[in-house]
Amino acid sequence: MISRRSVLKAVFTGGAVAGLGVLMPSIALAAWNKAAFETDNQDTAMGALFDGAPSASAEVNLKAPDIAENGAVVPVTISSSMAGVKTIAVFVEGNPNPLAAQFAIPAGTKAEVSCRIRMGKTSAVTAVVETASGLFSASKEVKVTIGGCGG
Amino acid sequence: MSTSRRDFARMMGLAAVAGVLPQQGFAAKKQTGDFYEVPNYGNARLLHMTDCHGQLSPVYFREPSINLGVGPAFGKAPHIVGHKFLQHFGVEPGSMEEYAFTYLNFEDAAQQYGKVGGFAHLKTLVDRLRESYGANNTVLLDGGDTWQGSGINYKTRGMDMVRACNLLGVDYMTGHWEFTYHQEEVLSNIAAFKGEFLAQNILVTEDALFDGADEYIYDEDSMRVFKPYVIREMGGARVAIIGQAFPRTKIANPARFIPDWSFDINDDLLQELVDDLRANQGVDAVVVLSHNGMDVDIAMANRVSGVDAILGGHTHDGVPAPTRVKKNGHTTLVCNVGSNGKFLGVLDLDIGKGKVNGFQYRLLPVFSDLLPADKQMADLVAAERAPYAAWMDEELAVADEVLYRRGNFNGTFDQVICDALRDHYDAQISLSPGFRWGTSVMKGQTVTMERVLDQTCTTYPETYIREMTGANIKLILEDVADNIFNPEPYLQSGGDMVRLGGMDYRCDPLAAMGSRIDEMRLDNGELIEASKIYKVAGWATVGSRSEGPDIWDVTADYLRQAQEVRINKLNTPKLINVAGNDGYKA
C-alpha cells in the first residue's frame, strides 16, 4: 500500500494524481474568468460563471470546520458522486472577492477537490457543483474568531 | 482562626459517631461515619480527575456566582449556581458540600473546612478507592490541564506534573494546556509519562507529514498524532477508553507552539471509532475521556451514538450528578469534575455483555484536612517546590477582601491584574483573559508570588500597550462574548469573558453576534466612541509574542507598592436579559 507521504511527495514533485487538481493551478487558469473572480458580490460572481442559480443538494458534500483554526488557511473539501461533474467552485460570501476557486474536472475524474481558502471573517462558504444536468450547491457557515481566552 | 487538621479530623470523627452531622444530599446515601466511604458497585471503577492546573499543594478555590447557560444549556447543569444549585442537586445548606460546590458563605466555610486538593491528599484518596474496589478493576483518568498553572509548572515545563502523576498512578490522560509547551516538549513529557496519552482528535498537518512527521506520529493513515483509545479488561468486561483533547487549542492558545498538529471535535471520526469498537473489537462499554467542555460534551452525546459515559473537563464545572443524554434508546452519562484538584469523580459501572446495566456516581470533594497526606507524595511535592520556593514565597501584599477569578465576568483577582496593567502602562483601559483557572486568597491573607503565579502562569505571559479604536475594542468584546454565549455549543470555545479595567459596558448574552455589547464607558463615565483612539494594555497574546514584561512581574510590582490589596472599583458589566437564569446570582 502506498503511504500518504509517498502520495504527497508524488504530488509535490509534479506527478499526476487524479482528483487533486487544486495542486495544479494551470488547469484552473485555462478557465480564468476575470469578472467572476474580481467582483465583490457573490451573486454577480455566480452570474458570471454560470447560466442560472444553483439549487441546494445533498449530493454535494462540503467539508469545512465549524471554527477555523487559522482564517488564513481554512481547509475545505468538496466532493460529489453525481455523474458528469464538469466544475466545482467555492465561494466565501464575506470575502472582498467571494469567488475563491473554480476547479475544472476532466471527464472520468473523481469529483473531489481539497484546498485551503483565506477568510477574513465569519462567513457562509458555498460549494457549487456544475454537471451536465445543472447546478447544485451546499453551504456551511465557518466561524473565524480572534481567539484567545481559552479556559 | 483555622481549626488545625488534627482537631478538625477528630471533630469530624466525634460528630459522626454522635450522629450530629446533618445527612445531606448524596452524602446522606452513604453512612455518615466516613465522608469518603464509597460502596462498591458493579465490576469497573473509573476514577476521574481533570483541570488541576498544576496545583500540587492544597488551595482555596471559590466557585462562580455567575455561570450563564444559553440556548439548550439555559437553566440546566452545569449552568446553575448558589441556592439554585443546592436545590437542584439536593445539597444541604451550610454543609461541607455547599462549601465545595458553591460560592455560598465562602469566607466562613473556608475558615471552617480549610483548603481543598493537594496531590498528597488526593493520593491518599485515590489509593483508598483503588484498594477498596480492587486495583485490577480500577483506572485513574486525567482529563488534562495538568501541566500548567503554577510557577513550578512554568519552570519545569510541566515535568513536575508528569512526575507527580506517575506517582499518583494516572493510567490515561488527554490534554489542552499541555499544548502550550512546544510540540517537542509535549512529546518528551509524554515519553516520561508512565500512563498513556490518548487523543482521537489531533491530526498531523499534511505539510508536517511531508516534512517527516511520520517518524513519530501514532498512525500515518489516520494522520493521528496520538493513540486514540485503549481497551482495558476490567471485571470481566472489555472497556474502551477514548481520548478527546480540547478541540479549540489552536484558537484559544498560541498555535505557534504546536504548528504541526491540527485539532477539532471530529465527531465523525469518533463515531467511526465507536462503531468499529462495538462491531469488531468485542467491546462491552465505551468511555470518552474528554476536554471538550460540558456543553460541547452534551451536544456531542446527542450526535454520537454508542458512548456510555463522557468524563469531561475544561469548563471547570463541579457537577455532583451526571447529565443523562438519551439517543436511540441508549443513555450517555456526561460528567464534569471541577478544577484545581478540588474533586475526584468515582464512576462505578455494572457492565454486562456488550452493555452497561447500571452505574453509581460520586463526585468527592478533596478536603485537605480530612485526608491525611501521603508521605511519598508529600516528599515529592516538597522536592519539586524547593528549587523555586524563594521565588514563590515572596510576600507581596495583604488581601483586603477575598481574591478570586472564576465567574463569567470580572473576578476580584482579575481586577488587581487589570489595575496593575493600567498602572504600569498608564493605560486608559486594560484587558485580561477570562481563564477559569487561578486559586483564591482569603481576606486578611498575604498574597504571595505563588498566588500571583497561580493566576498568570502561562508560557505566553508577555504584556503589551497599544492604541485601539473604540470600534476595535467592541469587536474584541463581541468576539469573545460569542465564544461563550453562542447558543450552538460547537461554536463556543470555553473560557469566560475577557476582563476589563478602566471601562464598563452593558451585555446581553442572549443577543446575536455583534449585538451583545453596548454602552461602553470609561471609568469617568465618558462614552467610548467608535472612531476615537484609546491606550489599551493587556497580556497573553495568542497571535504573536508581545514585547512587554511578564504579567506576574507587572502584578507583583503593583502589589509590592500597594502593600494592601484594595479594589477601588470592580469593572463588571451591567447584564440584561439574565433574570430567571439559574446561572445568575441576582
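Heads up: the structure comes first, above all this text.
Reference entry: report on the structure contained in this document. Quantities reported herein were computed from a predicted structural model and do not represent experimental measurements. All residue numbers refer to positions counted from 1 along the written sequence of the respective chain. Key to labels: chains lettered from A, ligands numbered from 1, both in the order written. For a predicted model such as this one, the threshold for reporting local features is a pLDDT of at least 70, and the threshold for listing and counting side-chain atom pairs is 80 or more; totals across whole chains, interfaces and linings nevertheless cover every residue. Side-chain measures here rest on the full set of heavy atoms in the structure, leaving out hydrogens and waters.

In this description a helix means any DSSP run of H or I spanning at least four residues, a strand means any run of E spanning at least two, and both kinds are numbered starting from the N terminus. The number of helices and strands found in chain A is four helices and eight strands. Scanning chain A from its N terminus toward the C terminus, one meets helices and strands in the order α-α-α-α-β-β-β-β-β-β-β-β. Accessibility here uses a 1.4 Å probe with only protein chains present; expressed as a share of the type maximum, an area under 20% marks a residue as buried, one over 50% as exposed, and anything in between as partly exposed. Across the 151 residues that make up chain A, the buried fraction comes to 44%. Summarising the internal contacts of chain A: among those between residues at least 6 apart in sequence, 63% fall at separations of at least 24. Put simply, chain A shows about 7,500 Å² of open surface, and 54% of that area lies on carbon and sulfur atoms. The contact definition used throughout considers only heavy atoms, calling two residues in contact when any of these lie within 4.5 Å. Method for areas: the Shrake-Rupley scheme with a 1.4 Å probe, in which residue coverage is limited to the protein chains shown.

We define a salt bridge as a side-chain nitrogen of Lys or Arg found within 4 Å of a carboxyl oxygen belonging to Asp or Glu. Applying the stated criterion across every chain yields a total of 44 salt bridges over all chains. A salt bridge links A:Lys34 to A:Glu38; its shortest N-O distance comes to 3.1 Å. Pair noted here: A:Lys34 and A:Glu38 are both in helix α3 (residues 34-38), with a separation of four residues, about one helical turn. Given a relative accessible area of 48%, A:Glu38 falls into the partly exposed group. Between B:Asp504 and B:Lys569 there is a salt bridge, with the nearest N and O atoms lying 2.7 Å from each other. Residue B:Asp504 is found in strand β20 (residues 503-507), and its partner B:Lys569 is found in the loop between β23 (564-565) and β24 (574-575); the two are separated by 65 residues along the sequence.

All names here are of chain B. In this structure, Pro78 follows Ala77 across a cis peptide bond, with omega equal to 5°. Examined against the element boundaries, Pro78 turns out to sit in the loop between β1 (44-49) and α2 (82-89). Of note in this structure, His314 is not a glycine but carries a positive phi near 75°. Even without glycine at this site, Asp426 takes up a positive phi of about 50°. Here Asp426 lies in the loop between α15 (412-425) and β16 (429-434).

Another aspect to go through is the interface of chain B and chain A. Every contact between the two is made by 46 residues of chain B and, on the other side, 23 residues of chain A. Summed over both sides, the interface of chain B with chain A buries roughly 2,600 Å², with 54% coming from carbon and sulfur. Where chain B packs against chain A, one counts two salt bridges. Notably, a salt bridge pairs A:Lys143 with B:Asp482, separated by 2.7 Å at the nearest N-O pair. For the side of chain B that touches chain A, the element with the highest residue contribution is helix α17 (residues 470-485) of chain B, accounting for five residues. A class-by-class count of the residues in the side of chain B that touches chain A yields 17 nonpolar, 13 polar and 16 charged. Note on terms: buried area is the combined drop in 1.4 Å-probe accessible area of two parts once they are placed together, counting the loss on both. Each residue is assigned to one class: nonpolar for Ala, Val, Leu, Ile, Met, Phe, Trp, Tyr, Cys and Pro, charged for Asp, Glu, Lys and Arg, and polar for all the others, Gly among them.

Quick look at the nonpolar core now. Generally speaking, soluble globular proteins have nonpolar side chains that are buried together. Residues and elements named next belong to chain B. Put simply, a nonpolar core is a bunch of buried Ala, Val, Leu, Ile, Met, Phe, Trp, Tyr and Cys residues held in one set by side-chain atoms that sit within 4.5 Å of each other. Grouped together as the largest cluster of nonpolar side chains are 126 residues, with contacts concentrated most on Phe119, Phe179, Phe226, Ile241 and Phe367. Per-element accounting of this core gives the leading share, seven residues, to helix α7 (residues 159-168). Reported domain spans reflect what an automatic or database domain assignment gives. Each of domain 2 (38-59 + 115-382) and domain 3 (393-575) accounts for three or more of the residues forming this core. Counting 36 residues, the second largest nonpolar core, distinct from the first, contains Leu396, Phe413, Ile417 and Leu453.

With that settled, consider the sheet that holds strand β8 (residues 134-142) of chain A. All names here are of chain A. Ordered by their spatial adjacency, five strands build an open sheet running β1-β8-β7-β4-β5, and the pairing between neighbours is mixed. Only two strands of the sheet have a single partner each, and these edge strands are β1 (55-56) and β5 (99-104). Note on pairing: DSSP must find at least two bridges between two strands before they are called paired. Here five bridges tie strand β4 (residues 85-92) to β5, and the two strands are oriented antiparallel to one another. In the strand pairing of β5, Val90 is matched with Ala101. Think of each axis as a best-fit line through the C-alpha atoms, taken over the contacting stretch in the case of a helix, with angles from 0 to 180 degrees between the N-to-C directions. Seen against the sheet, helix α4 (residues 42-49) touches β4, β5 and β7 (123-131) and runs at an angle of roughly 165° to β4.

All names here are of chain B. Stacked, tilted and edge-to-face are the three classes applied to pairs of Phe, Tyr and Trp rings, where Trp contributes its six-membered ring and a pair requires centres within 6.5 Å; stacked means planes under 30 degrees apart, edge-to-face means over 60, and tilted covers the rest. Tallying each qualifying case throughout the model produces 23 aromatic pairs over all chains. On the basis of an interplanar angle of 75° and a centroid distance of 5.0 Å, the ring pair of Phe35 and Tyr36 is categorised as edge-to-face. Given a relative accessible area of 14%, Phe35 falls into the buried group. Judged by its relative accessible area of 3%, Tyr36 is buried. The rings of Phe35, Tyr36, Tyr99, Phe106, Tyr113 and Phe367 are connected pair by pair, giving a single aromatic cluster. Over the ring of Tyr404 we find Arg62; its NZ or CZ atom is 3.9 Å from the centre of that ring. Seen from the ring of Tyr490, Arg303 lies directly overhead, with NZ or CZ sitting 3.7 Å from the centre. Whether a charge sits over a ring depends on NZ of Lys or CZ of Arg being within 6 Å of the ring centre and within 35 degrees of the ring normal.

Residues and elements named next belong to chain B. With respect to the helices, strands and loops of the structure, Asn410 is situated in the loop between β15 (395-399) and α15. There is a polar contact of 2.8 Å between the side chain of Asn410 and the side chain of Gln415. There is a polar contact of 2.9 Å between the side chain of Asn410 and the backbone oxygen of Asn571. Those residues in contact with Asn410 that sit more than four places away from it in its chain are Gln415, Arg499, Leu500, Leu570, Asn571 and Thr572. Distance and chemistry together define a polar contact, namely a pair of N or O atoms within 3.5 Å, with one atom able to donate a hydrogen and the other to accept it when in protein, and with adjacent residues in sequence counting only for side-chain atoms on both sides.

Moving on: helix α16 (residues 449-456) of chain B. Most of α16(B) sits out of view: eight of its eight residues are buried. What α16(B) keeps buried is the set B:Met449, B:Glu450, B:Arg451, B:Val452, B:Leu453, B:Asp454, B:Gln455 and B:Thr456.

Moving on, we come to the environment of B:Asn302. All names here are of chain B. Relative to the helices and strands, Asn302 is located in helix α12 (residues 294-303). C-alpha of Asn302 to C-alpha of Ser150: the two residues are 152 residues apart in sequence and 36 Å apart in space. Here Asn302 is in contact with Val325 and Lys327, once residues within four sequence places are set aside.

Here the focus is helix α4 (residues 106-113) of chain B. Residue and element names in this part refer to chain B. Among the residues of α4, Phe106, Ala109, Ala110 and Tyr113 are the ones counted as buried. With its buried residues spanning 105° around the axis, α4 presents them on a single face. Positive phi shows up at Gly114, right after α4, with a value of about 80°. Think of it as the arc spanned by the lines of direction from the helix axis to the C-beta atoms.

A few words on the packing of α7(B) against helix α13 (residues 375-385) of chain B. Packed helix pairs are characterised by how far apart their axes lie and by the angle those axes make with each other. All names here are of chain B. Two numbers describe how α7 lies on α13: the axes approach to 10 Å, and their chain directions differ by 175°. In terms of orientation, α7 lies roughly antiparallel with respect to α13. The residues of α13 that touch α7, namely those facing Asp160, Arg163, Ala164, Leu167 and Leu168, are Gln376, Met377, Leu380 and Glu384. Geometric relationships in this document are graded by angle, where less than 35 degrees denotes roughly parallel, more than 145 denotes roughly antiparallel, 65 to 115 denotes roughly perpendicular, and other angles denote oblique.

Our next topic: the state of the cysteines. All names here are of chain B. Cysteine sulfurs are considered disulfide-paired once they come within 2.5 Å of each other. In the structure shown here, the tally under the stated rule is zero disulfides over all chains. Counting only cysteine sulfurs, Cys165 is the nearest neighbor of Cys52, a cysteine outside any disulfide, at a range of 6.1 Å. Take Cys52: its relative accessible area is 2%, and that puts it in the buried class.

Here the focus is the side chain of B:Ser430. Residues and elements named next belong to chain B. Looking at where Ser430 falls in the secondary structure, it is placed in strand β16. Of the residues examined, Ser430 reaches a relative accessible area of 0% and is grouped as buried. Only 2.9 Å separates the side chain of Ser430 from the backbone oxygen of Cys418, close enough to count as a polar contact. Beyond its immediate sequence surroundings of up to four residues, Ser430 is in contact with Cys418, Leu421, Arg422, Arg499, Leu500, Gly501 and Ala537.

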